[in-house]
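Working through the structure, step by step
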Amino acid sequence: MEQHIPVLMEEVLEGLAVRPDGTYWDGTFGGGGHSGRVLAQLGPDGRLHGSDRDDVAEARAGAFASDSRFSFHRGAIEDVIDLIPNGLAGFLWDLGTSMMQLKEADRGFSFKEDGPLDMRMDRRQETTAADLVNNLPEGELADLIYMYGEERLSRRIARQIVAARQEHPIETTGALAELCRRAYPKRYHRIDPATRTFQALRIAINNELDMLRHQLPRAAAKLAEGGRAVIISFHSLEDRIVKHTFRELSETGEFAVLTKKPRVAAEEESRLNPASRSAKLRVLERCIPGSEPRSKGRRRREAYRKKGAQP
Ligand SMILES: C[S@@+](CC[C@H](N)C(=O)[O-])C[C@H]1O[C@@H](n2cnc3c(N)ncnc32)[C@H](O)[C@@H]1O
């Protein structure tokens, strides 16, 4: 099976600034690449909670089972958040899909691989992408593709889908991708015409944006003083929510945004791992209200910013 190459590894470690005795949470464990490096920096009193809603990620977490500092919770962030203790020294959410999900045709995430139209990160969930594509009324389907895919041709694509499903159900990624391509005028496109529709369905099936909007402030409230939240997003809808939520939290005076602009992959990483090209990383730190100007936290934040976070 495909291995996931973790993105922005050094930037994640710098963002978390791991304290050897701290308690951390990796809410998107995936292949465990980031978790492994965090564990390596923890001392005997440090703790790492890993979680993911994917069964393949759960299986990968088995590799750390003998490490008593590590525990794994299978479930979506919104379902496991209450199991994560308060007073976190940091947490990481590396959102999006793992290579294990994307490259396995039978997971149905990719228009480049032909497989069942599935797209569930948690295969215990009932609704698949095929259910939406075959059952949503045309108008709702078009709105979904427009909102979550920012697809200007959403109405044309929805029309193609509805016409095709009257003949027979659309059950494969290949069939859906073909309909998207048919909806596009020739030579109108720079990216594959299926890209945005697939993104929209994946976001809808996995409730990605609502999760972020509602759970990010709750997770931030679990941070101890000086604790860090590191979030990596892969498309503008997600990044916008992270940016606005961080800004709102910083306006309370309890948090400081360490990355005025998101950190992105360096040229070398972009070349070696194309998946890193759309990654944007933002960091938030919890501070003490009132004591901000001379606090040690302030010095830590300045040091982080100078290191290349492009304030
Ligand atoms: C980009 S991968 C993470 C890769 C990981 N950082 C590594 O180093 O291997 C994203 C993972 O997050 C999981 N995921 C995405 N959204 C989630 C959510 N709301 N709740 C739980 N897991 C989620 C996916 O199942 C996937 O395994």
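Being a predicted model, the structure only gives us computed values, none of them experimental.

This part is about the UniProt feature "binding site: S-adenosyl-L-methionine" (unreviewed entry) in the chain. With numbering aligned to this structure, UniProt lists the feature "binding site: S-adenosyl-L-methionine" (unreviewed entry) at Gly32, Gly33, His34, Asp52, Ile77, Asp94 and Gln101. Within this annotated set, the largest cavity is lined by Gly32, Gly33, His34, Asp52, Ile77, Asp94 and Gln101. Position of His34 relative to the elements: it lies in helix α2 (residues 33-41). Judged by relative accessible area, His34 falls into the buried class, the value being 5%. Looking at where Asp94 falls in the secondary structure, it is placed in strand β4 (residues 88-94). Of the residues examined, Asp94 reaches a relative accessible area of 10% and is grouped as buried. Once residues lying within four places of it in the same chain are set aside, the contact partners of Asp94 are His4, Val7, Thr28, His34, Ile232 and Phe234.

Moving on to empty space enclosed by the protein. One pass over the structure, following the stated rule, counts two cavities of 30 Å³ or more. Taken as a whole, the largest cavity holds about 420 Å³ of empty space. Thr28, Asp52, Asp94, Leu95 and Gly96 are the residues nearest the centre of the largest cavity, which is lined by 33 residues in total. Counting residues per element, the ones that place at least two in the lining of the largest cavity are α2, α4 (77-80), β4, α5 (99-102) and α11 (208-220). Of the residues that constitute the lining of the largest cavity, the class distribution is ten nonpolar, 15 polar and eight charged. By volume, the second largest cavity amounts to about 40 Å³. Lining the second largest cavity are Leu16, Tyr24, Trp25, Asp26, His34, Ser35, Val38, Leu48 and Leu92. For the lining of the second largest cavity, the secondary structure elements donating two or more residues are β1 (23-26) and α2. Split into classes, the residues belonging to the lining of the second largest cavity amount to six nonpolar, two polar and one charged.

The rules we used
- Residues numbered from 1 in each chain as written.
- Predicted model: local features only at pLDDT ≥ 70, side-chain atom pairs only at ≥ 80, totals over all residues.
- Heavy atoms only, no water.
- UniProt positions renumbered as here; feature names shortened; annotations may be inferred.
- 1 Å grid on protein atoms, 1.4 Å probe; cavity = no way out; pocket = protein on both sides within 12 Å on 5 of 7 lines; lining within 4 Å.
- Helix = DSSP H or I, 4+ residues; strand = E, 2+ residues; numbered from the N terminus.
- Buried < 20%, exposed > 50% of the residue type's maximum accessible area, 1.4 Å probe, protein only.
- Contact = heavy atoms within 4.5 Å.
- Points joined across faces, edges and corners; volume = space filled by probe spheres on them.
- Nonpolar A, V, L, I, M, F, W, Y, C, P; charged D, E, K, R; others polar.

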